[in-house]
Amino acid sequence: MHQYQKDFIELAIKHKALSFGEFTLKSGRTSPYFFNAGQFQTGSALAALGRFYAEALVQSKVEIDLVFGPAYKGIPLAAVTATALFDQHQRDLPYSFNRKEAKDHGEGGTIVGAPLAGRVLIVDDVITAGTAVREVMSIISEAGAKPAAVLIGLNRQERGQGSASAIEEIEQEYNIPVVSIVCLDDIIEYLIQNNQDDPGLIDRVKAYRAEFGVS
């Protein structure tokens with residue numbers, strides 16, 4: 001695990017974006033952990049988050065021309081990622097995001113920011129069913145641009161209704177990578193190294209991974 005990944009997990013725990021306990025997911029599964037990027041609610045947390053997203057992109061070596069944030073959680077994530085790419089990696093890239101409903105006055109339309117063009121990076125927090133990503137793919141295609149990758153905070157490494165995860169389905173359907181700052185295996189590794197006072201939690205997370213996880 002890279003240091004930035006460990007720092008991301010610690011930041012997420014500090015701000016309760018990553019919580020442990022018993023959570024009922026939309027799928028009906030009972031999960032021993034939950035991730036919600038909406039808990040990053042301060043300037044310092046967002047600045048750090050942008051650095052982590054930018055570092056994950058740089059590590060992936062995916063080449064992009066524009067950063068795009070799907071409404072709503074993807075909007076601040078795209079902004080801080082673009083900022084960190086410039087501040088930390090000297091890569092000055094345009095960014096944009098979409099509105100849920102088209103605006104019929106002012107500049108109009110559904111896209112705010114730079115025009116969609118070239119190789120587009122989609123930035124979001126997690127992929128659950130993949131619905132939001134598929135909607136963005138249509139927007140990108142209609143603009144004549146091309147998706148380059150999806151960048152998310154956490155890959156739950158979890159099956160959907162079938163044997164594949166929503167992330168694997170996106171990768172196969174659009175032939176692009178889904179890059180994550182961390183995956184569930186990284187969280188398990190972190191817990192083993194830093195949470196030895198509660199081995200029961202580690203066992204519960206491992207059991208969940210064994211039951212619902214993908215390879």
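Residues numbered from 1 in each chain as written. Predicted model: local features only at pLDDT ≥ 70, side-chain atom pairs only at ≥ 80, totals over all residues. Heavy atoms only, no water.

**Topic: the packing of helix α1 (residues 3–14) against helix α6 (residues 184–194)**
Moving on, step 1. For the pair α1 and α6, interaxial distance at closest approach is 11 Å and the crossing angle is 80°. In terms of their interaxial angle, α1 and α6 are classed as roughly perpendicular. Mapping the contact onto sequence places Gln5, Lys6, Ile9, Glu10 and Ile13 in α1 and Asp186, Ile187, Tyr190 and Asn194 in α6.
Moving on, step 2. Taken together, the residues of the contact of α1 with α6 sort by class into four nonpolar, two polar and three charged. (Axes fitted to C-alpha atoms, helices over the stretch in contact; angles between N-to-C directions. Helix = DSSP H or I, 4+ residues; strand = E, 2+ residues; numbered from the N terminus. Parallel < 35°, antiparallel > 145°, perpendicular 65-115°, else oblique. Contact = heavy atoms within 4.5 Å. Nonpolar A, V, L, I, M, F, W, Y, C, P; charged D, E, K, R; others polar.)

**Some points on the pattern of salt bridges**
Pairs can form between side chains of opposite charge whenever their charged atoms are close.
Moving on, step 1. The full count for this structure, using the stated rule, is six salt bridges.
Moving on, step 2. Two residues, Asp65 and Arg119, come together in a salt bridge whose shortest N-O distance is 2.9 Å. With Asp65 in the loop between α2 (43–60) and β3 (66–69) and Arg119 in strand β6 (residues 119–123), this residue pair connects regions lying 54 residues apart in the sequence.
Moving on, step 3. A network of salt bridges, in which partner residues are shared, links Arg29, Arg156 and Glu158. (Salt bridge = Lys/Arg side-chain N within 4 Å of Asp/Glu carboxyl O.)

**Let's talk about the UniProt feature "binding site: orotate" (unreviewed entry) in the chain**
Moving on, step 1. Per the UniProt record, "binding site: orotate" (unreviewed entry) is found at Phe34, Phe35, Thr128 and Arg156. A maximum C-alpha distance of 12.2 Å among these annotated residues, which run over 123 residues, shows that they cluster at one spot.
Moving on, step 2. By the element assignment, Phe34 lies in strand β2 (residues 30–35).
Moving on, step 3. When residues no more than four places from it in sequence are discounted, the contact partners of Phe34 are Ala17, Leu18, Ser19, Phe23 and Leu25.
Moving on, step 4. Take Thr128: it is sitting in the loop between β6 and α4 (131–142).
Moving on, step 5. Looking at Thr128, the relative accessible area reads 60%, which means it is exposed. (UniProt positions renumbered as here; feature names shortened; annotations may be inferred. Buried < 20%, exposed > 50% of the residue type's maximum accessible area, 1.4 Å probe, protein only.)

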